[in-house]
Amino acid sequence: MQRMNDLNENTEYIEAYFKDQLNDAEKRQFEQRCLEDELFARQVAVFVTAEEGIRQELLQQKQQEWAGISQKPAIRPLKKIISIRLLPYMAAACLVIAIASYFFFRSETPNQLANTYIKEHFTLLSQTMNASNDTLQKGIAAYNNKEYNTALQLFQKVYQSNPANSKAKKNIGLVYLATKEYEKALQQFEELAGTPGLYENPGLFLMAVTLLERNKTGDLAKAKALLQQVVQQKTEGSKEAARWLKEWR
Amino acid sequence: MHDAEIINGLTNNYKHRSYFEKELYVQYEYFIKQGSSKYKLTYEDSFSAYSDAVLAAIQTIINNKFDSNYSLKAYLSQIFRNKCVDLIRKITNTKQKIHKSPVAPELLSHLPETAKNVISMLIDKEKIAHVSHYLDTIGKKCKEILLLSVDGYTDMQIADKLGYHNADVTKSTRLRCREKLNKLINATYE
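Parameters and conventions
- Residues numbered from 1 in each chain as written.
- Chains lettered and ligands numbered in written order.
- Predicted model: local features only at pLDDT ≥ 70, side-chain atom pairs only at ≥ 80, totals over all residues.
- Helix = DSSP H or I, 4+ residues; strand = E, 2+ residues; numbered from the N terminus.
- Buried ≥ 20, exposed ≤ 12 C-beta atoms within 10 Å, placed from the backbone.
- Contact = placed C-beta atoms within 7 Å.
- Nonpolar A, V, L, I, M, F, W, Y, C, P; charged D, E, K, R; others polar.
- pLDDT = per-residue confidence, 0-100.
- Core = buried A, V, L, I, M, F, W, Y, C linked by C-beta atoms within 7 Å.
- Bend = angle between axes of the 7 residues up to and from the residue.
- Axes fitted to C-alpha atoms, helices over the stretch in contact; angles between N-to-C directions.
- Parallel < 35°, antiparallel > 145°, perpendicular 65-115°, else oblique.
- Left-handed = near helix turned anticlockwise from the far one by under 90°.

(A) Broad picture of the overall build of chain B. Scanning chain B from N- to C-terminus turns up 10 helices and 0 strands. Going from the N terminus to the C terminus, chain B shows its helices and strands as α-α-α-α-α-α-α-α-α-α. Taking all 190 residues of chain B together, 31% fall into the buried category. Summarising the internal contacts of chain B: among those between residues at least 6 apart in sequence, 50% fall at separations of at least 24.

(B) Representation of the overall build of chain A in the model. For chain A, the helix and strand inventory stands at 13 helices and 0 strands. Moving toward the C terminus, one meets the helices and strands of chain A in the order α-α-α-α-α-α-α-α-α-α-α-α-α. Scored against the burial criterion, the 249 residues of chain A give a buried share of 29%.

(C) Molecular detail of the interface of chain A and chain B. Between chain A and chain B, the contact holds 41 residues from the first and 48 residues from the second. Secondary structure elements with two or more residues in the side of chain A that touches chain B: helix H1 (2–18), helix H2 (24–36) and helix H3 (38–67) of chain A. Among the residues making up the side of chain A that touches chain B, the classes are represented as 20 nonpolar, 12 polar and 9 charged.

(D) Spotlight on the confidence of the model for chain A. Summary statistics for chain A give a mean pLDDT of 81 and a share of 83% for residues scoring 70 or more. Between the elements of chain A, mean pLDDT differs from a low of 48, seen in helix H4 (residues 78–81) of chain A, to a high of 93, seen in helix H11 (residues 203–214) of chain A.

(E) Structural context of the confidence of the model for chain B. Residue and element names in this part refer to chain B. Per-residue confidence for chain B gives a mean pLDDT of 84, with 92% of residues at or over 70. Here helix H5 (residues 72–95) stands out as the element of chain B with the lowest mean pLDDT, 82, in contrast to helix H8 (residues 140–150), whose mean of 93 is the highest. Ignoring residues within four places in sequence, the model shows residues 98–102, a span with pLDDT below 50, making 7 contacts including any to other chains.

(F) Quick peek at the nonpolar core. By size, the foremost hydrophobic cluster in this structure holds 35 residues, and its most contacted members are Phe155(A), Val175(A), Ala208(A), Leu227(A) and Val230(A). For this core, the secondary-structure elements that each account for two or more residues are helix H7 (134–144), helix H8 (148–161), helix H9 (166–178), helix H10 (182–193), H11, helix H12 (219–233) and helix H13 (238–247) of chain A. Setting aside residues up to four positions removed in sequence, Leu227(A) forms contacts with Ala208(A), Ala241(A), Trp244(A) and Leu245(A). Residues Cys34(A), Phe47(A), Ile128(B) and Leu146(B) belong to the second largest nonpolar core, which totals 28 residues.

(G) Geometry of helix H7 (residues 125–137) of chain B. Residues and elements named next belong to chain B. Bending of H7 peaks at approximately 35 degrees at the position of Val-131. Restricting attention to buried positions, one finds in H7 the residues Ile-128, Val-131, Tyr-134 and Leu-135. Once H7 ends, the next one or two residues include Gly-139, with phi positive near 105 degrees.

(H) Representation of unusual backbone geometry. Residue and element names in this part refer to chain A. The backbone of Asp-20 shows a phi angle near 60 degrees, a positive value even though the residue is not glycine. Here Asp-20 is to be found in the loop between H1 and H2. Its 11 C-beta neighbours within 10 Å are what place Asp-20 among the exposed residues. Here Lys-146, not a glycine, exhibits a phi torsion of approximately 60 degrees, which is positive. Its place among the elements puts Lys-146 in the loop between H7 and H8. Judged by local crowding, Lys-146 falls into the exposed class, with 11 C-beta atoms found within 10 Å.

(I) Representation of the packing of H3(A) against helix H4 (residues 43–62) of chain B in the model. Interaxial distance between H3(A) and H4(B) falls to 10 Å at its minimum, and their mutual angle equals 110 degrees. Here H4(B) runs roughly perpendicular to H3(A), going by the angle between their axes. Every pair of crossing elements has a handedness; the one defined by H3(A) and H4(B) is right-handed. Touching Leu59(A), Lys62(A), Gln63(A) and Trp66(A) of H3(A) are Ser51(B), Asp52(B) and Leu55(B), all from H4(B).

(J) Focus on the environment of Gly173(A). By the element assignment, Gly173(A) lies in helix H9. When near neighbours in sequence (up to four residues on either side) are disregarded, Gly173(A) contacts Ala185(A), Gln188(A), Phe189(A), Leu192(A) and Leu206(A).

(K) Main features of the environment of Leu227(A). As for its placement among the helices and strands, Leu227(A) is situated in helix H12. Spatially, the C-alpha atoms of Leu227(A) and Lys239(A) are 10.0 Å apart, while their sequence positions differ by 12 residues.

Below is the structure:
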């Protein structure tokens with residue numbers, strides 16, 4: 001029983017060592033005990049065993065989660081499952097499916113591409129390096145919680161106090177994009193695009209994305225022109241723009 | 001996504017951590033294919049090494065130990081290479097019927113060489129595989145709290161996630177769960 005109590009008391013101490021919470025002298029003392037105190041060394045061994053075992057379990061959970069989003073190539077041992085006699089029929093079936101796929105699923109429409117892009121990139125906004133800018137961070141948190149009115153007010157507050165804050169401007173536009181107020185979003189992104197001296201300016205690209213998402217008559221042509229401009233000027237989003245333009249040729 | 005965005009996403013808001021973990025995973029997922037061709041691993045083995053490397057990188061970032069002089073790509077590539085080499089050794093030894101896995105627990109790297117040797121000799125690596133079973137016997141809540149703790153969540157964050165009153169309650173519960181697990185592992189060392 002006493003031995004078990006010792007074990008329990010030491011768990012916190014051992015944890016503190018591995019979490020770098022001990023000072024240098026305490027660390028040295030811990031390491032020395034590993035060498036001199038056999039019982040203590042065993043406790044450390046049990047701790048490490050437990051920690052590694054939990055980590056392995058955690059890894060399995062993460063693997064299951066990540067395997068779901070993985071681009072795993074569909075490789076199967078064909079020889080084992082396909083009889084040679086069936087090959088001509090399967091080839092014919094593949095041809096029919098390929099032709100059908102070409103007509104039915106040729107590629108995503110521009111509107112679908114923009115929609116996917118918005119979902120992937122603007123459903124959640126990442127927080128910036130400037131952690132001291134509390135209002136902007138709060139705005140981002142509100143945006144990520146889909147509290148768009150609050151987010152808009154906070155971003156506007158940041159922008160009004162510092163009109164040079166292009167991030168706030170961009171985020172105001174993103175709120176309008178999320179709430180489908182496309183005209184207002186376009187206005188924000190156009191103003192952003194016209195802001196001089198920015199190291200990275202996504203204004204033109206975001207205008208194109210907004211137009212593609214809105215998808216009104218004439219929007220596609222305007223978006224294409226903007227995307228071509230993005231590619232030529234190599235502004236932010238140029239890689240995506242080049243890929244989209246290539247797909248629509 | 002830029003390195004800074006991923007690092008900030010992982011460290012600044014734990015509620016959205018999972019999203020940024022996936023972003024990191026997807027960003028360098030092509031390593032899996034490279035691992036398959038460079039180290040002649042199956043897709044599954046290369047995936048296993050890559051996901052292990054991503055988890056190690058996430059834990060380094062969350063514990064604020066990531067050296068920002070490295071790019072995430074360079075750092076992850078280095079861990080991935082090590083994981084692939086470990087895996088190749090493990091596969092080779094299994095083929096040669098050497099049962100003792102050469103893959104060392106992550107924590108041992110914290111210890112200086114002499115202490116590492118002593119502790120390493122006391123660890124029966126087959127016991128590590130049994131921990132998964134022990135976790136199922138100590139109760140669902142205990143398993144959950146221990147997994148979150150090893151995943152780098154603080155006691156306060158766990159309290160928020162699992163609905164404990166505060167960080168102190170989480171800590172005492174977590175240590176009690178840890179004691180249960182230690183007791184089961186320790187019994188096998190008797």
